[in-house]
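The residues making up each chain are set out below.
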Amino acid sequence: MNGKLVVFEGGEGCGKTTQLARLEAWFNQKADFPFTALHSTREPGGSPLCQKIRQVLLTPDRDEEMQNRTELLLYAADRAQHVEAWLRPWLNEGALVLCDRYTASTVAYQGYGRGLDRGLIDELNTIATGGLEPDLTVWLDLDPEIGLARAQARGTRDRIEQADLTFHQNVRSGFAALHDAQKTTNPDSFIRIDASQSMEQVTEDLIHLFDRVLTGWASS
Ligand code: T5A
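A brief structural summary.

Another aspect to go through is the side chain of Thr-203. Note on placement: Thr-203 falls in helix 8 (residues 199-219). Within the structure, the side chain of Thr-203 is placed 3.0 Å from the side chain of Arg-22, a separation counted as a polar contact. Apart from residues lying up to four places away in sequence, Thr-203 is in contact with Gln-19 and Arg-22.

What follows is the structure, given as structure tokens:
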């Protein structure tokens, strides 16, 4: 089978990291895994160089506020590096790549959250990805009040988590708008999962989804 890119999206604390680890374990024990390899990665910070960009993006700085366009460009820089140096080579080798966040996060956070122009964001996403689109996007949808409480229970809050609730509610509207936009044209490309359920139930929903998706890919 050709390489496939599966992206996990959602607001703060929706459970992507938790579920990616569980899915990785599930894929690893599959006897009939149809890819050459399995890679799990994330944005921002999916490589050593990207990790440096992540530090700049997420570390709060009391001395100088980061401007919205600076933030947008840094996410684009992280993505350009990640796609060219890692994602494309993996996909070309026939791997399954599970990526924690991708272009939909930029639309949701920098577009709906920060209010930056959608045309500009789409253009930058195209430049950064060189046109590499996910084969599947899985959106773990969660009320931001619950997600932020989960994230805060871990201790310190990063620069983006420190934004107010309205920002995070707008981010959720952004993911919902992207999901709705795909509903009529390509409903199987952007799947919503209810992330307010227990961890076990979310995992079960994801496994059910991937059983179906793998069958579809195998027969296409
Ligand atoms: N960003 C990113 C942009 O603004 N633009 C972009 O283009 C991109 C790519 C990345 C930040 O950058 C922003 C978005 C982000 O703000 P990050 O640290 O990678 O920063 O942040 P997140 O992706 O939000 O990762 P988090 O670790 O904060 O959240 P996760 O991975 O969704 O959640 P997880 O699995 O760590 O779970 C959080 C807590 O909840 C518990 C877990 O045990 C954990 O304690 N939990 C549950 N509790 C109850 N029920 C469940 N079902 C649970 N699932 C998990």
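Moving on from the coordinates now.
By the criterion of burial, strand 4 (residues 136-141) is predominantly enclosed, with 6 of the 6 residues buried. Both faces of strand 4 are covered, namely the face carrying Leu-136, Val-138 and Leu-140 and the face carrying Thr-137, Trp-139 and Asp-141. As defined by bridge partners, strand 4 adjoins strand 5 (residues 190-194) across 5 bridges and the pair is classed as parallel. Looking at the pairing, Thr-137 lines up with Phe-190 of strand 5.

Turning our eyes to something else, we now look at empty space enclosed by the protein. In this structure the tally under the stated criterion is 1 cavity of 30 Å³ or more. Space inside the largest cavity adds up to approximately 90 Å³. In terms of lining, the largest cavity is formed by 15 residues, of which the most central are Gly-11, Glu-12, Leu-142, Pro-144 and Arg-172. At the level of secondary structure, the elements contributing two or more residues to the lining of the largest cavity comprise strand 4, helix 6 (144-152) and helix 7 (165-185). In terms of residues, the lining of the largest cavity owes the most to one element, helix 7, which gives 4 residues. Residues that form the lining of the largest cavity fall into these classes: 7 nonpolar, 4 polar and 4 charged.

Here the focus is the layout of surface pockets. The gaps left among the atoms become clear once a water-sized probe is rolled over them. Roughly 700 Å³ of internal volume is contained in the largest pocket. Every residue lining the largest pocket is counted, 32 residues in all, and those nearest its centre are Glu-12, Lys-16, Thr-17, Arg-54 and Arg-101. Only helix 1 (16-28), strand 2 (38-42), helix 2 (48-58), helix 3 (68-92), helix 4 (103-113) and helix 6 provide two or more residues apiece to the lining of the largest pocket. Of the residues contributing to the lining of the largest pocket, the split by class is 9 nonpolar, 11 polar and 12 charged. Lining the second largest pocket are 24 residues; nearest its centre among them are Thr-103, Ala-104, Glu-133, Pro-134 and Gln-182. Ranked by residue count, the leading element in the lining of the second largest pocket is helix 5 (residues 118-129), at 5 residues.

Reading guide: rules and limits
Residues numbered from 1 in each chain as written. Predicted model: local features only at pLDDT ≥ 70, side-chain atom pairs only at ≥ 80, totals over all residues. Heavy atoms only, no water. Helix = DSSP H or I, 4+ residues; strand = E, 2+ residues; numbered from the N terminus. Polar contact = N/O pair within 3.5 Å; in protein donor to acceptor, adjacent residues only side chain to side chain. Contact = heavy atoms within 4.5 Å. Buried < 20%, exposed > 50% of the residue type's maximum accessible area, 1.4 Å probe, protein only. Pairing = 2+ DSSP bridges. 1 Å grid on protein atoms, 1.4 Å probe; cavity = no way out; pocket = protein on both sides within 12 Å on 5 of 7 lines; lining within 4 Å. Points joined across faces, edges and corners; volume = space filled by probe spheres on them. Nonpolar A, V, L, I, M, F, W, Y, C, P; charged D, E, K, R; others polar.

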